[in-house]
Amino acid sequence: MQDLTEKVAIVTGASRGLGKAICKRLAEAKVTVIAAARSFDDLKQLTTSYPDQITPIACDITDPKQVENLIHSTMTMHKQIDILINNAGIGRFAPVDELSTEDFSLMLDVNLKGTFFTCKYSIPHLKKSKGHILNISSIAGIESFASGGGYCASKFGVMALSDALRMELKSHHVKVSTFCPGSIKTDFGRYKDYALEPEQVAESIYQIVAADPGVIMNQVVMRPLVP
Ligand SMILES: NC(=O)c1ccc[n+]([C@@H]2O[C@H](COP(=O)([O-])OP(=O)(O)OC[C@H]3O[C@@H](n4cnc5c(N)ncnc54)[C@H](OP(=O)(O)O)[C@@H]3O)[C@@H](O)[C@H]2O)c1
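Please read all numbers here as calculations on a predicted model, not as lab measurements. (Residues numbered from 1 in each chain as written. Predicted model: local features only at pLDDT ≥ 70, side-chain atom pairs only at ≥ 80, totals over all residues. Heavy atoms only, no water.)

Student: Is there a simple way to explain the packing of helix α4 (residues 101–129) against helix α5 (residues 149–169) in this structure?
Tutor: Between two packed helices, the angle of one axis relative to the other and the distance separating the axes together describe the packing. Relative to each other, α4 and α5 sit at 15°, their axes nearing to 8 Å. One finds that α4 runs roughly parallel with respect to α5. Crossing handedness for the pair α4 and α5: right-handed. Taking contact as the criterion, the partners of Phe-104, Met-107, Leu-108, Asn-111, Leu-112, Thr-115, Phe-116, Cys-119, Ile-123 and Lys-127 in α4 are, on α5, Gly-150, Tyr-151, Ser-154, Lys-155, Gly-157, Val-158, Leu-161, Leu-165 and Leu-169. Taken together, the residues that form the contact of α4 with α5 break down as twelve nonpolar, five polar and two charged. (Axes fitted to C-alpha atoms, helices over the stretch in contact; angles between N-to-C directions. Helix = DSSP H or I, 4+ residues; strand = E, 2+ residues; numbered from the N terminus. Parallel < 35°, antiparallel > 145°, perpendicular 65-115°, else oblique. Left-handed = near helix turned anticlockwise from the far one by under 90°. Contact = heavy atoms within 4.5 Å. Nonpolar A, V, L, I, M, F, W, Y, C, P; charged D, E, K, R; others polar.)

Student: I would appreciate a short explanation of the sheet that holds strand β2 (residues 32–37) in the present structure.
Tutor: Across a sheet, paired strands are connected by hydrogen bonds in the backbone, their directions being either parallel or antiparallel. Taken in spatial order, the seven strands of this open sheet run β3-β2-β1-β4-β5-β6-β7, and their pairing is parallel. In this open sheet, the two strands that pair with only one neighbour each are β3 (54–58) and β7 (219–222). Sheet twist, expressed as the mean angle between neighbouring strand axes with direction ignored, is 15°. In this structure, β2 lies alongside β3, joined through five bridges in parallel fashion. Counted as the bridge partner of Ala-37 is Ala-58 from β3. Contacts from helix α6 (residues 198–209) reach β4 (83–86), β5 (132–136), β6 (175–181) and β7 within the one sheet, and its direction differs from that of β5 by about 155°. (Pairing = 2+ DSSP bridges.)

Student: What's the story with a nonpolar patch on the surface in this structure? I'm lost.
Tutor: A grouping of Phe-93, Phe-145 and Phe-188 is seen on the molecular surface, where their side chains present a nonpolar patch of about 290 Å² in accessible area. For Phe-145, the position within the fold is in the loop between β5 and α5. Take Phe-145: its relative accessible area is 40%, and that puts it in the partly exposed class. (Patch = residues over 30% accessible without salt bridge, like charges linked within 9 Å, V, L, I, M, F, W, Y side chains within 5 Å. Areas by Shrake-Rupley, 256 points an atom, 1.4 Å probe, with all protein chains shown as cover. Salt bridge = Lys/Arg side-chain N within 4 Å of Asp/Glu carboxyl O. Buried < 20%, exposed > 50% of the residue type's maximum accessible area, 1.4 Å probe, protein only.)

Printed below as a string of structure tokens:
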């Protein structure tokens, strides 16, 4: 396992749910964390327990200018980016003929285009640091289901984007991983009692980014053990 002290990580969707748990886990490992989301008050609340480790930056990842600013601010403050965790995501579930065009577009904008923007603007810095991109996809990124037409399309897109990036960045020693969780106990949607705890998922994500430099976990699927 690598010692991640001195590393700088950006985590999107950090205001609640899984993103918040990832920020906490990284901060406990003494990683310098940039926590990004739109809800700045929630981000500030998160930093109160880790004032030296976590810095909040308001960012709507659907806006390329705000994403550029996120990367620029991180570089200005810390001079490096080692880890990019694309976690922000939304889900709107309905049969295709009932799904609004607005909801379909929003899922592609947040889940897929937002991931594209953060990767695009941080790649020059990740090449310098020989860093790591970890994209949070979903089981819905490898298996489609009824009423998931828009969400699955956006997450399958994340898988394709990540696969292409992995090939583009391999020669630069930049790792690209996809993480595909099943149901997690967050505000994302309804879940059963056996769903994964965000902290369990965050621990696995930590293991992936802390793996030895010569090891890459391309794709990890994590499901709750359904009784
Ligand atoms: N929960 C599950 O069962 C589950 C299962 C598989 C995969 N996932 C994936 O796991 C990731 C995290 O989900 P979660 O369960 O933690 O969901 P969540 O509790 O609803 O949190 C979603 C996060 O995304 C952020 N976000 C949404 N739109 C954004 C935008 N335009 N710009 C920046 N940030 C934005 C939200 O922050 P603001 O609203 O403050 O911007 C929030 O921090 C998502 O990619 C989701 O698809 C979740």
